[in-house]
Amino acid sequence: MESRTGGPQRSDAQRNRERILDVALVELSRSADVPLSTIAKKAGVGQGTLYRHFPSREALVLEAYRHEVQQLTDSATELLKTMEPDQALRVWMDRLARFIMAKSGLAEALREAAGATGGPESPGYSLVFGSIEHLLDANHAAGTIRPGVTADDFLRAIAGIWQIDIKGDWHSQATRLLDIIMDGLRAGAPGRH
């Protein structure tokens, strides 16, 4: 990671930046208009440190979202290194559900930030879509899901997640829905007997 001056960031500066992003995601998911001073305090940094890394609310919101997307997409490859493809897909689906619920909370802040910067409303979509394709390709190669399932099919199948009320017991509802979807993906898989 480089600093705003173009050189590498010191490790303590990088840790501060990561803490700010982690806290910002949680706090902005709760309230789009959380004061930046609250984020700085909960991250254990001063406001000057926050503004050194993120010169505006919009910059922080967009970077918190980008950071979360990057973690989600990077995890697909990491999971495939340590698990069977269908297990990796199912674990990643849980992470996707958490991401979607966080994004639901962040939606207003993202709309405001994207409008203020002229940027797209849904940054990161192509990265998430690519991760879905990567996981499905690994499953097709291993014969652990039915043939021919595309990333578009997958997204249509999980669309029900967006209907879950974030203020309710979203986790158990999402788990049940994703288990049903995973059972459907496994049905008719060439590697199943």
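Above this text is the structure in question.
Residues numbered from 1 in each chain as written. Predicted model: local features only at pLDDT ≥ 70, side-chain atom pairs only at ≥ 80, totals over all residues. Heavy atoms only, no water.

Looking now at the nonpolar core. Within the largest apolar cluster, 34 residues are counted, with the highest numbers of intra-cluster contacts made by Leu-89, Trp-92, Leu-96 and Phe-154. Within the residue set of this core, elements represented by two or more residues are helix H4 (57-82), helix H5 (85-117), helix H6 (125-142), helix H7 (151-157) and helix H8 (170-186). At nine residues, H5 tops the list of elements feeding residues into this core. The residues contacting Phe-154, other than those within four sequence positions of it, are Leu-89, Trp-92, Met-93, Leu-96, Ile-132, Leu-136 and Leu-185. (Core = buried A, V, L, I, M, F, W, Y, C linked by side-chain atoms within 4.5 Å. Buried < 20%, exposed > 50% of the residue type's maximum accessible area, 1.4 Å probe, protein only. Helix = DSSP H or I, 4+ residues; strand = E, 2+ residues; numbered from the N terminus. Contact = heavy atoms within 4.5 Å.)

So, on to H8. In a regular helix each residue adds 1.5 Å, so 17 residues correspond to 24 Å; H8 covers 24 Å between its end C-alpha atoms and thus fits that length. For H8, the full list of buried residues reads Trp-170, Ala-174, Leu-178, Ile-181, Met-182, Leu-185 and Arg-186. Taken around the axis of H8, the buried residues stretch over an arc of 130°, which confines them to a single face. For H8, exposure combined with an orientation more than 90 degrees from the buried face picks out Arg-176, Ile-180 and Asp-183. In the stretch just after H8, Gly-188 is the one whose phi turns positive, near 80°. (Expected span 1.5 Å × (residues − 1). Arc of directions from axis to C-beta.)

It is worth spelling out H4 at this point. Its 26 residues give H4 an end-to-end C-alpha distance of 38 Å, which sits within 8% of 38 Å, the value for a rise of 1.5 Å per residue. The sharpest bend along H4 comes to roughly 25°, located at Ser-75. (Bend = angle between axes of the 7 residues up to and from the residue.)

In this section: the packing of H4 against H6. The geometry of H4 relative to H6 is characterised by a closest axis approach of 9 Å and an angle of 10° between their N-to-C directions. Taken together, the axes of H4 and H6 are roughly parallel relative to one another. Contacts between H4 and H6 involve Val-69, Gln-70, Leu-72, Thr-73, Ala-76, Thr-77 and Leu-80 from the first element and Leu-127, Val-128, Ser-131, His-134, Leu-135 and Ala-138 from the second. Residue classes in the contact of H4 with H6 are distributed as eight nonpolar, five polar and no charged. (Axes fitted to C-alpha atoms, helices over the stretch in contact; angles between N-to-C directions. Parallel < 35°, antiparallel > 145°, perpendicular 65-115°, else oblique. Nonpolar A, V, L, I, M, F, W, Y, C, P; charged D, E, K, R; others polar.)

The next subject is the pattern of salt bridges. Counted by the stated rule, this structure contains eight salt bridges. Salt-bridge contacts for Lys-42 lead to Glu-27; the nearest nitrogen and oxygen are separated by 3.2 Å. Highlighted residues: Lys-42 in helix H2 (residues 36-43) and Glu-27 in helix H1 (residues 11-30), separated in sequence by 15 residues. Residue Glu-27 is classed as buried on the basis of its relative accessible area, which comes to 8%. Linking Arg-186 and Asp-86 is a salt bridge whose minimum nitrogen-to-oxygen distance equals 3.1 Å. Of this pair, Arg-186 sits in helix H8 while Asp-86 sits in helix H5, and the two are 100 residues apart along the sequence. (Salt bridge = Lys/Arg side-chain N within 4 Å of Asp/Glu carboxyl O.)

Turning our attention to the packing of H1 against H2. It is the contact of H1 with H2, at a shortest axis distance of 9 Å, that shows an interaxial angle of 130°. By the angle between their directions, the pair H1 and H2 is classed as oblique. As for the relative orientation of H1 and H2, their crossing is right-handed in sense. On H2, the residues that touch Arg-19, Ile-20, Val-23, Ala-24, Glu-27, Leu-28 and Arg-30 of H1 are Ile-39, Lys-42 and Ala-43. Classifying every residue of the contact of H1 with H2 by side-chain character gives six nonpolar, no polar and four charged. (Left-handed = near helix turned anticlockwise from the far one by under 90°.)

By secondary structure assignment, the location of Glu-68 is in helix H4. With relative accessibility at 18%, the residue Glu-68 sits in the buried group. Residues contacting Glu-68, with those up to four places away along its chain left out, are Leu-25 and Phe-99.

Okay, the environment of Trp-170 next. Position of Trp-170 relative to the elements: it lies in helix H8. Remark: the alpha-carbon pair of Trp-170 and Ala-97, spanning 73 residues in sequence, is separated by 9.1 Å. With residues near it in sequence (within four places) discarded, Trp-170 still touches Ala-97, Arg-98, Met-101, Ile-164 and Asp-165.

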